[in-house]
Every structure is written in C-alpha cells, then in structure tokens.
Amino acid sequence: MTEFIQQVFNGLSLGSIYALIALGYTMIYGILRFINFAHGDVFMIGAFSGYYLGIIFAFASVSGFASLGMALLIMIGAMVICGLLGFTVEKLVYKPLRKSPKLTILITAIGVSLFLEYGGQLVFGADPKSFPSLLENKPVVNLAGAVIGSNPLVVLVTAGILMVGLRLIVMKTKIGTAMRAVSYNPTAASLMGININAVISFTFIIGSSLAGAAGILYGLNYPSIDPLMGILPGLKAFVAAVLGGIGNIPGAALGGMIIGLLETFVTGYISPTYRDAIAFGILILILLFKPTGLLGKKEIEKV
Amino acid sequence: MLKVENLRVNYGAINAIKGISIDVPEKSIITLIGANGAGKTTTLRAISNIVKAAEGSKVLYDGKDITSLPAHKIVEMGLCQVPEGRLIFANLTVKENLDMGAYLRKDKENFAKDLDFIFAIFPRLKERIKQPGGTLSGGEQQMLAISRALMSKPKMLLLDEPSLGIAPLLTKTIFEKIVEINKTLGMTILLVEQNANLALSVANYGYVLETGRIILEGPAKELESNPEVRKAYLGET
C-alpha cells in the first residue's frame, strides 16, 4: 500500500510534466491543425535555460540551493525564453508555409526539431549536464508510511497552477475566446476582425512557455539534462495529447496524467525495460479503437 | 459608401468574377442576385479580402482603397460581413459569439446597451445566451450571425444569403429585421441573395450577376417587373 501511494504520487508528478508539454501540442494543433514535432525540443531548451539561469543566479545563495523565489524566477525566465523561441520559430519558419500542404509543414517541424537538437549539441555540448539543485528535496508528507519528497510535490502543484491558469486564459479572457474561435473557423474569425496571425503567435508563446516550465520541473526531479532529452518526453507528450483527444485542452492534461501513471506503474511493478514501450503501445491502441481520443469528439454542427 | 470597380477574381485558371462594378450609396440596401455559382459569394469574399482579387480590381470603402487590406483591418473600418452558411462558432456560447463580434471594440461600457438592442430585435437569442452556438437552429444561427456582426458596430453590412437553409416563415422574419436594422440604425447593406423575389422586395437597387458578369442592374422595383428577371429568377414561365 505504501509503495502504491508512492507510485501514484510519482506517476502524477511525472504525468503533470507530460501534461504541460502535451498542452502545447494540442493548442497548436487546435489552431493550425499540425503537429509541431519540435515541441519536445522547446522543452529541452527550457531545461537548458534553467541550467544557465541557475548558474547565474544560484551562486548568490549561501546554502547551495536557490530560494523558492529564486526558483520561481528561473522558471519564469525559462518560460519567457521558450515563449520567444516559439514565437520566433512560428514567424520565421511556419508562417511562410501556412498555405503549403500539411505534409510540408510537418517535415519542416521535424527539421526544426533536428536543428534544435544538434544545434543544442553544438552550443551546449553533447555531454549530459547536471541540472542545478534549485530546491532541496525534503521529505514532507508522510502518508500511510509513504514518504513524499518536496520536489515532486512542487512539480505537481506548479503544474496544477499553470494548468488552471491556462484554463482561465482560454475560457475567460478575450484572447482565449478568440483562440477557440480561430480554432473553430479561422475565416469566420477574421471576418469578426480577429487578427489571426496575432492569435497564432499568442498560442505559440503560451504553448512554448508551458514546455519551458515543464523543462524546469523535469530538471528538479531528474537532474541530468542533455540536448537530446526532449525527444522521448516530447513523443510521450504527443501520445498524451492524442490519447486525450488532439485539440482538446483538458484532454491533453488528462492524457499526460494517464501516461505518467502507467509509465510509473510499469516501471515499478513490471519492469523498467517496458517503461518507454507503454506510451507507444497506448498510441497504437488509441489509434485503433478510439482515434478521436478520450475527450475528443467529432464536432457536429446543425445546418 | 462602397464602390467596387472592375473586380476580377480568378481561382487558378478559372475566371470566377470577370470585372464587375457595384456602387452602394450610404444608408441604402443594395442587392446582388443571381443563380447558384454566379459568383455572388466570391464577390463578397473579395470585398472582405478573404479571397484575393486579381490585379487591377479596386474596392473603395468610405473613399479609401481597401483592396489589399487584411480582413481584420476592413472590419476595423466598419465594414462587416455575415458570411454564407453563417459560420457561427459552434463551440462558443451565444454570448461568446457576440463577444467575438465585439472583438475590436474598446468601449466595453456600451456593450450592455448594444446587447439590449440586439435582444430587442432577436428575443430568441436572449433565451439561448448560455447555449453553444452549434445547438441553435438554422434560423437562430442566422440571427446570431447578424447580431454578432452588429456587435462590431459596423457602418455597413455585407449579408451573404441570409435565407440559405432557413424555414420560409423565419426567412420572412429575418428579412423584416434586416429592414428594421437598415431603418433604425441607418445601416448600409449589401445583400447577396438567391431568393431574388425576397431580396428585391427589400432593396432599393439591384444587380443581376450571371457567371461572373453583371448582366442587368436597376432600381429594385424595375428589376422586379423586368420580364427577363421574372423569367430567370422569379420562377415565372
């Protein structure tokens, strides 16, 4: 029982990171109907932003650990950097291809992904780096004998706050409503005076900054980072987005949590060998039996 | 208020619009009638610049050349289109659809007043304010589409086939409301319709479009009694 609670908690913590990445996939798909395969690498850039910001900031602290405020500042910094990266990539690379066939943009996204991965190796070096200990991992909660560390808790809470924040932006603000309008019908949206390009840019900024935050949270739990670290989490988050129903925001969050939990259970109870297989097994199953995903539905409009 | 000069639109090698000119004076209802495929929708789409007009075309609105202005800028200038098939945001509530109509407006304090005005014209929408747009009937969606455009505080409306796929009785109501909007707000309207009878009954002046060319124009009353129009579009044999 103790171990089970621990596993559930670890699973949720890992899942919340997948969820944050999956949100970017699903939002961008919702607006442009294409999978931004470079999204996992934005997550990597987030982690490296944290690494370098950590070096710059964390030495200021005496204990060797940054304060909570400092960690927050580093995370926000990484979000800004990734937001800018997403904005720039969209403007420079995807926008000129807006009217091209979807396959062209998809292949271009893979190109951007490779560029970031190997550009990263060139700039950061190919060797794994150890992510700065932004926060000390203290055992905080003792639940029926299960010891829960503070860092996984911080990850879960932070991801939760970000997801609630995103939900508020999408559902309650004007730009969020415009995002939903553009996602439904860009032509109609432009006839209402909505600047589609601005909405697309905004979507890339938000999606990429969430991936940036995920990079920092990942670094807290798994403090070894390298330029290729985005590949697997990126693919798994993509599976999470498909599992939840691509284009569906709550679906991406749910999908991320499910993948995180299953992966942790498989690692803990079956064998770590199958850890990475589980996500792709799910992808095959979901595509076979429910291609619209758990929460996705075919939209029916009365005429 | 709106002047279309020598408008041409090509879809690849196909010349959909072959150089037409339309003049819409302020506060008038002008109609563009014609059969399916004549190019009516293409004309409106080219005016709103969601379809590119060919070289040499000119669209003047309020004396300014808007031919190559992005679609959202044209709305900003007060020229708003109610598109064919209504294009309601089915995933957004009625209220959110109306909010999107008011997307560019900064005068939030006047929204309540404008909503009251809209609900006075279309009381049905008030009952459905929290419902997703996709759950409305065709007629209600058309009301919402017109209201959504009105929320942008336009000076001129482009209406594309407001009667399309709507029960005849509701169509009549909607056309009465169009006239009401024209009269009470002094709204300039360019109305595109397949239902020539209905369109000519509310318009001041009409153009008849046939395979991308204007073949006839004149005051609506004259067109109504023109034997050629009666034969081709008003179902007379």
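So, how was this worked out
- In this convention, every chain numbers its residues from 1, walking through the sequence in written order.
- By the order in which they are written, chains take letters starting at A while ligands take numbers starting at 1.
- Given that the model is predicted, a residue must reach a pLDDT of at least 70 before its local features are reported, and side-chain atom pairs must reach 80 or more before they are shown or counted; all residues, however, enter totals for whole chains, interfaces and linings.
- To get the side-chain values, take all heavy atoms of the structure and skip hydrogens and water.
- Throughout, a residue-residue contact means that at least one pair of heavy atoms, one from each residue, lies within 4.5 Å.
- In this description, buried area is defined as the sum, over both parts, of the accessible area (probe of 1.4 Å) that is lost when the two are combined.
- When a carboxyl oxygen of Asp or Glu is within 4 Å of a side-chain nitrogen of Lys or Arg, the pair counts as a salt bridge.
- Any pair of nitrogen or oxygen atoms within 3.5 Å is treated as a polar contact; in protein, a donor-acceptor pairing is required on top of that, and neighbouring residues in sequence qualify only through side-chain atoms on both sides.
- Each helix is a run of H or I in the DSSP string that is no shorter than four residues. Each strand is a run of E no shorter than two, and both are numbered from the N terminus.
- For this classification, the nonpolar set comprises Ala, Val, Leu, Ile, Met, Phe, Trp, Tyr, Cys and Pro, the charged set comprises Asp, Glu, Lys and Arg, and every other residue, Gly included, is treated as polar.
- Categorising residues by exposure relies on relative accessible area from a 1.4 Å probe, with only protein chains included: less than 20% of the type maximum marks a residue as buried, more than 50% marks it as exposed, and the intermediate range marks it as partly exposed.
- Two rings from Phe, Tyr or Trp (for Trp, the six-membered ring) form a pair when their centres are within 6.5 Å of each other. A pair whose planes differ by under 30 degrees is stacked, one over 60 is edge-to-face, and the rest are tilted.

J.: Which parts of the structure should I look at to understand the interface of chain A and chain B?
T.: At the interface, 22 residues of chain A touch 28 residues of chain B. Note on chain A versus chain B: buried area summed over both sides is about 2300 Å², and carbon and sulfur give 63% of it. Between chain A and chain B we count one salt bridge in total. When the shortest N-O distance is used, the salt bridge between E96 of chain B and R180 of chain A registers 2.8 Å. Our enumeration of links across chain A and chain B arrives at four residue pairs in polar contact (both at pLDDT 80 or more). Listed by contribution, the elements that provide at least two residues to the side of chain A that touches chain B are α6 (174–184) and α7 (186–191) of chain A. With seven residues, α6 of chain A is the largest single contributor of residues to the side of chain A that touches chain B. Residue composition of the side of chain A that touches chain B, by class: 12 nonpolar, six polar and four charged.

J.: Looking at this structure, I do not really get helix α3 (residues 94–101) of chain B. What am I missing?
T.: Across the eight residues of α3 of chain B, six count as buried, placing the element largely inside the fold. Looking only at α3 of chain B, the buried set comprises V94, E96, N97, L98, M100 and G101 of chain B. Taken together, the buried residues of α3 of chain B touch α5 (150–172) and α6 of chain A together with α4 (111–121), α5 (123–127) and α6 (138–150) of chain B.

J.: Quick question: what am I supposed to make of the packing of aromatic side chains here?
T.: Two numbers describe a pair of aromatic rings. These are the distance of the centres and the angle of the planes. All names here are of chain A. This structure, assessed with the given rule, holds 13 aromatic pairs over all chains. Ring centres of F265 and Y269 lie 6.1 Å apart, and the angle between their planes is 45°; on these two criteria the pair is classed as tilted. Within this pair, F265 and its partner Y269 are both found in helix α10 (residues 249–270), separated by four residues, close to a single helical turn. You can call Y269 partly exposed: its relative accessible area is 43%. Through successive ring pairs, a cluster of aromatic residues spans F48, Y51, Y52 and F124.

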